[in-house]
There are 2 protein chains.
Amino acid sequence: MLNLPTYDDIVAAAGRIAGHAHRTPVMRSRTVDQELGASVYFKCENLQRMGAFKFRGAFNALSKFDERQRRAGVVAFSSGNHAQAIALSASLLGISSTIIMPNDAPASKVAATRGYGGKVVEYDRYKEDREAIGRALAEEQGLTLIPPYDHPDVIAGQGTAAKELFEEVGELDALFVCLGGGGLLSGSALSARALSPNCRIYGVEPEAGNDGQRSFRSGAIVHIDTPQTIADGAQTQHLGNYTFEIIRRDVEDILTANDLELIDCMRFFASRMKIVVEPTGCLGFAAARAMKSQLRGQRVGVIISGGNVDLTRFCALLGS
Amino acid sequence: MLNLPTYDDIVAAAGRIAGHAHRTPVMRSRTVDQELGASVYFKCENLQRMGAFKFRGAFNALSKFDERQRRAGVVAFSSGNHAQAIALSASLLGISSTIIMPNDAPASKVAATRGYGGKVVEYDRYKEDREAIGRALAEEQGLTLIPPYDHPDVIAGQGTAAKELFEEVGELDALFVCLGGGGLLSGSALSARALSPNCRIYGVEPEAGNDGQRSFRSGAIVHIDTPQTIADGAQTQHLGNYTFEIIRRDVEDILTANDLELIDCMRFFASRMKIVVEPTGCLGFAAARAMKSQLRGQRVGVIISGGNVDLTRFCALLGS
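Bear in mind the structure is a predicted one, so any value in this text is a computation, not a measurement.

A. Region of interest: the overall build of chain A. Counting secondary structure elements, chain A contains 14 helices and 10 strands. Against the compact-globule benchmark of 20 Å for 320 residues, chain A has a radius of gyration of 18 Å, which places it among compact chains. Counting only C-alpha atoms and orienting by the principal axes, one finds that chain A spans roughly 55 × 45 × 40 Å. The proportion of buried residues among the 320 residues of chain A is 64%. A sequence separation of at least 24 residues applies to 74% of the contacts in chain A between residues at least 6 apart. In the structure as shown, chain A presents an accessible area of about 11,400 Å², 45% of it carried by carbon and sulfur atoms. Averaging the coordinates of the 34 positive side-chain charges in chain A and doing the same for the 36 negative ones gives two points 5 Å apart.

Here it is, written out as structure tokens:
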């Protein structure tokens, strides 16, 4: 039986990250409200420190290290944003960090991770098992492994974004949250239970990698090969044990969006709302648009998870 | 003797636009603070309604129309953002609007103006006089002309952005504000006098169109030909009578930035801060960077004026 994190853990996490994480703005758009016939609130985690919500969970987890853990250092595996989050949080807390990253990760993410002081170890994500590499390093050097999503402290940290959203705008009828391994989604669901108990929580993942949807509907964690999608932050192969338990309990449904829908949303965010959103960060809005007939007259939240996309890639995608 | 607007007019304007204009976020960046050795606060008017601060002044001016003016309608001439601001404000207030726009204005701005309900009349900005066209239309049809900057109600409305900034972050040592005709700059200076009297206010305009700098330093309004610069929001040919009087009284100096510096800032804003900023909106930050040796240890404000740039143009500029 897993000891699942609760809303109390999110409140504690909020205290730890206060003054370190940004309290990100909630944006609105008249055009979106008209398109959806709803009142839509975007929680802009692309404007979070290091460009994604991941800073919240990483900083919370590292803040709880004891003296021995701090001295030995942290190791993490990540396709990108978790890497930067751990590297930056570790550097702010005076802890050394080792990050295991895929060798095809966006150049901006690798550079940013190094810039934040992280030591980068590369691997081939289509052939090697990053979790095994991480565990080996942890054992050899006494490092503490902080996984990107399946960890109570990470989940609790990620839940602070939805907590801020509900505190700022009040209760919502529906909340759309993107989903890779489910850390942000499960944390958001915990906050919603406490602050807006009637809110329907929708997870959204790439159509090409719908393991979460299949897991949710079948009742058991489904493993898939690394999916081919532009949403590089949601290329995870399976949910976590903690995240799955919370998701199956507190989430209404898991939806999907395809790459073309994500590009449409990226273009909308940049041209009308003047914000840069990475493909993964568009998942929530894409799904809300697709089911707009069911949202008419409602109060709808969308979490924009991050904005870390190479500008050359960003422009190439917008031109396609 | 001109009856110059005062801070009281800004307070009144703030009351009129409350609930209509966004209270835009103030963003920070660790990278910027390190680069400048200062604490830098960005007031993000690119995240304002219709994508620029201009909404503030336009809505304030139109809110003061009497019954006859409302019934007849408003006319405005503008290279872009003022046009959208008048069209949107008029539409919100149930007033019809006619907008005189240059025939080479960015397509996004023309389309947005029409989308907000404005009737667009085009002219050749290298050959025709937009002010004369506007005055003729005003006389023929009884319309009220709201100029883009040289009007007390417009200046008072623009000053609300700096008012919000000072109220949120407290007093500053320096504030950088871009400058075309000087509406935002003079309004900002009025707010600074009241809320942060020791703050040095710097106006920043394109190097290719330094009429403001020459006017400021010579003590008389200098007229120039339409300057060739990517900062299309600052291609004005001269300061206004109201704006010049306030600027010469309350502004520390007027600085310039060239197009390459603006592109560097656009790239930085998009890649690191995840926001889309139009070239004109980069003027303030470009100047702050250039004089960073004088800002060490200080509290520095920068107003990002707008984000209305065609995405194809945005990507072309970033690639250049």
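B. Quick peek at the nonpolar core. Membership of the largest hydrophobic core comes to 155 residues, with the highest contact counts inside it found for F42 and F176 of chain A together with F42 and F176 of chain B. Contacts of F176 of chain B, omitting those with residues within four sequence positions, involve Y202, V204, L255, G284, A287, A288, M291, L295, V300, G301, V302 and I303 of chain B.

C. Spatial organisation of the state of the cysteines. The full count for this structure, using the stated rule, is one disulfide over all chains. Paired by a disulfide, C315 of chain A and C315 of chain B hold their sulfur atoms 2.2 Å apart. Given an S-S torsion of about -85 degrees, the disulfide between C315 of chain A and C315 of chain B has left-handed geometry. On the criterion of chain membership, the pair formed by C315 of chain A in helix α14 (residues 311-319) and C315 of chain B in helix α14 (residues 311-319) is interchain, its members lying in two chains. By the burial criterion, C315 of chain A is buried, and C315 of chain B matches it.

D. Highlighting the interface of chain A and chain B. The interface of chain A with chain B comprises 25 residues on the first partner and 25 residues on the second. Looking at the side of chain A facing chain B, the largest losses of area belong to R30, K274 and L311 of chain A, adding up to 35% of the total buried there. On inspection of chain A and its partner chain B, the count reaches zero salt bridges. In this structure, the connection of chain A to chain B is made through six residue pairs in polar contact (both at pLDDT 80 or more). Of all elements in the fold, only α12 (259-272) and α14 of chain A reach the threshold of two or more residues within the side of chain A that touches chain B. A breakdown of the residues in the side of chain A that touches chain B according to their chemical character gives 13 nonpolar, six polar and six charged.

E. Broad picture of the environment of A61 of chain A. All names here are of chain A. Within the fold, A61 resides in helix α3 (residues 54-63). In this structure the C-alpha to C-alpha distance between A61 and M50, which are 11 residues apart in sequence, comes to 16 Å. In contact with A61, other than residues within four places in its own chain, are I146, D153 and V154.

F. Just the sheet that holds strand β5 (residues 119-123) of chain A, in detail. All names here are of chain A. Here we have four strands laid out as an open sheet, ordered β5-β4-β3-β6, and parallel in their pairing. The strands lining the two open edges of the sheet, one partner per strand, are β5 and β6 (144-145). Direction of pairing for strand β3 (residues 74-77) relative to β6: parallel, over a ladder of two bridges. Bridged to V75 within β6 is L145.

G. Fine view of the pattern of salt bridges. Residue and element names in this part refer to chain A. A full pass over the atoms with the stated rule returns 30 salt bridges over all chains. Between R289 and E35 there is a salt bridge, and its shortest N-O distance comes to 2.9 Å. With R289 in helix α13 (residues 283-290) and E35 in helix α2 (residues 30-36), this residue pair connects regions lying 254 residues apart in the sequence. Between R56 and E164 there is a salt bridge; the shortest N-O distance is 3.0 Å. One end of the pair, R56, is in helix α3; the other, E164, is in helix α8 (residues 152-169), and 108 residues separate them in sequence. With respect to burial, R56 and E164 carry one shared label: buried. Several salt bridges share partner residues, and in doing so they unite K43, E45, R56 and E164 into one network.

H. Geometry of α12 of chain A. Residue and element names in this part refer to chain A. With 14 residues, α12 extends 20 Å from end C-alpha to end C-alpha; this agrees with the ideal 20 Å at 1.5 Å per step. One side-chain oxygen of the residue at the start of α12 lies 3.1 Å from the amide nitrogen of L260, identifying that residue as N258. Looking one or two places after α12, you find K274, whose phi comes out positive at around 65 degrees.

I. Local environment of the sheet that holds strand β2 (residues 39-44) of chain A. Residue and element names in this part refer to chain A. Spatially, β1-β2-β10-β7-β8-β9 is the arrangement adopted by the six strands of the open sheet, whose pairing is mixed. Both outer strands of the open sheet, β1 (26-27) and β9 (253-257), are each paired with one neighbouring strand and no more. Taken together, the six bridges between β2 and strand β10 (residues 299-304) define a ladder with parallel strand orientation. Following the sheet pairing, C44 is matched in β10 by I304. Helix α10 (residues 211-218) rests against β8 (200-206) and β9 of the sheet, and its axis sits at about 155 degrees to β9. Lying over the sheet, α13 contacts β2, β7 (174-178), β8, β9 and β10, oriented at roughly 110 degrees with respect to β8.

J. The arrangement of the relation of the copies chain A and chain B in detail. Rotating chain A by 180 degrees about the axis while translating it 0.0 Å along that axis superimposes it on chain B, leaving an RMSD of 0.0 Å. The transformation just described matches what one would write down for a two-fold rotation axis. Of the C-alpha atoms belonging to chain A, the one lying closest to the rotation axis is found on I275 of chain A, 2.2 Å away.

K. Seen up close, the side chain of D150 of chain B. Mapped onto the secondary structure, D150 of chain B falls in the loop between β6 (144-145) and α8 (152-169). In terms of polar contacts, D150 of chain B uses its side chain to reach the backbone amide nitrogen of Y242 of chain B, at 2.8 Å.

L. Inspection of the packing of aromatic side chains at higher detail. Scanning the model with the defined rule gives 12 aromatic pairs over all chains in all. On the numbers, 5.5 Å between centres and 40 degrees between planes, the contact of F55 of chain A with F59 of chain A is tilted. Here F59 of chain A and F55 of chain A lie together in helix α3, a separation of four residues that amounts to about one turn. Across this residue pair, the class does not change: F55 of chain A and F59 of chain A are buried. With 5.0 Å between their ring centres and 20 degrees between their planes, F176 of chain A and Y202 of chain A make a pair best called stacked. Here Y202 of chain A lies in strand β8 and F176 of chain A lies in strand β7, a separation of 26 residues in the sequence. On the basis of relative accessibility, which here comes to 0%, the residue F176 of chain A falls in the buried class. According to the relative accessible area criterion, Y202 of chain A is buried, its value standing at 7%. Here the aromatic residues F42, F268, F269 and F285 of chain A are joined through ring pairs into a cluster of three or more. The residue whose ring lies beneath R28 of chain B is Y41 of chain B, and the NZ or CZ to ring-centre distance is 4.3 Å.

What counts, and at which threshold
- Residues numbered from 1 in each chain as written.
- Chains lettered and ligands numbered in written order.
- Predicted model: local features only at pLDDT ≥ 70, side-chain atom pairs only at ≥ 80, totals over all residues.
- Heavy atoms only, no water.
- Helix = DSSP H or I, 4+ residues; strand = E, 2+ residues; numbered from the N terminus.
- Rg over C-alpha atoms; globule rule 2.2 N^0.38 Å.
- Buried < 20%, exposed > 50% of the residue type's maximum accessible area, 1.4 Å probe, protein only.
- Contact = heavy atoms within 4.5 Å.
- Areas by Shrake-Rupley, 256 points an atom, 1.4 Å probe, with all protein chains shown as cover.
- Lys, Arg positive; Asp, Glu negative; His and termini not counted.
- Charge placed at Lys NZ, Arg CZ, Asp CG, Glu CD.
- Core = buried A, V, L, I, M, F, W, Y, C linked by side-chain atoms within 4.5 Å.
- Disulfide = S-S within 2.5 Å.
- Buried area = accessible area lost by both parts, 1.4 Å probe.
- Salt bridge = Lys/Arg side-chain N within 4 Å of Asp/Glu carboxyl O.
- Polar contact = N/O pair within 3.5 Å; in protein donor to acceptor, adjacent residues only side chain to side chain.
- Nonpolar A, V, L, I, M, F, W, Y, C, P; charged D, E, K, R; others polar.
- Pairing = 2+ DSSP bridges.
- Expected span 1.5 Å × (residues − 1).
- Axes fitted to C-alpha atoms, helices over the stretch in contact; angles between N-to-C directions.
- Least-squares fit on C-alpha atoms with pLDDT ≥ 70 in both.
- Phe/Tyr/Trp six-rings, centres within 6.5 Å; stacked < 30°, edge-to-face > 60°.
- Lys NZ or Arg CZ within 6 Å of the ring centre and 35° of its normal.

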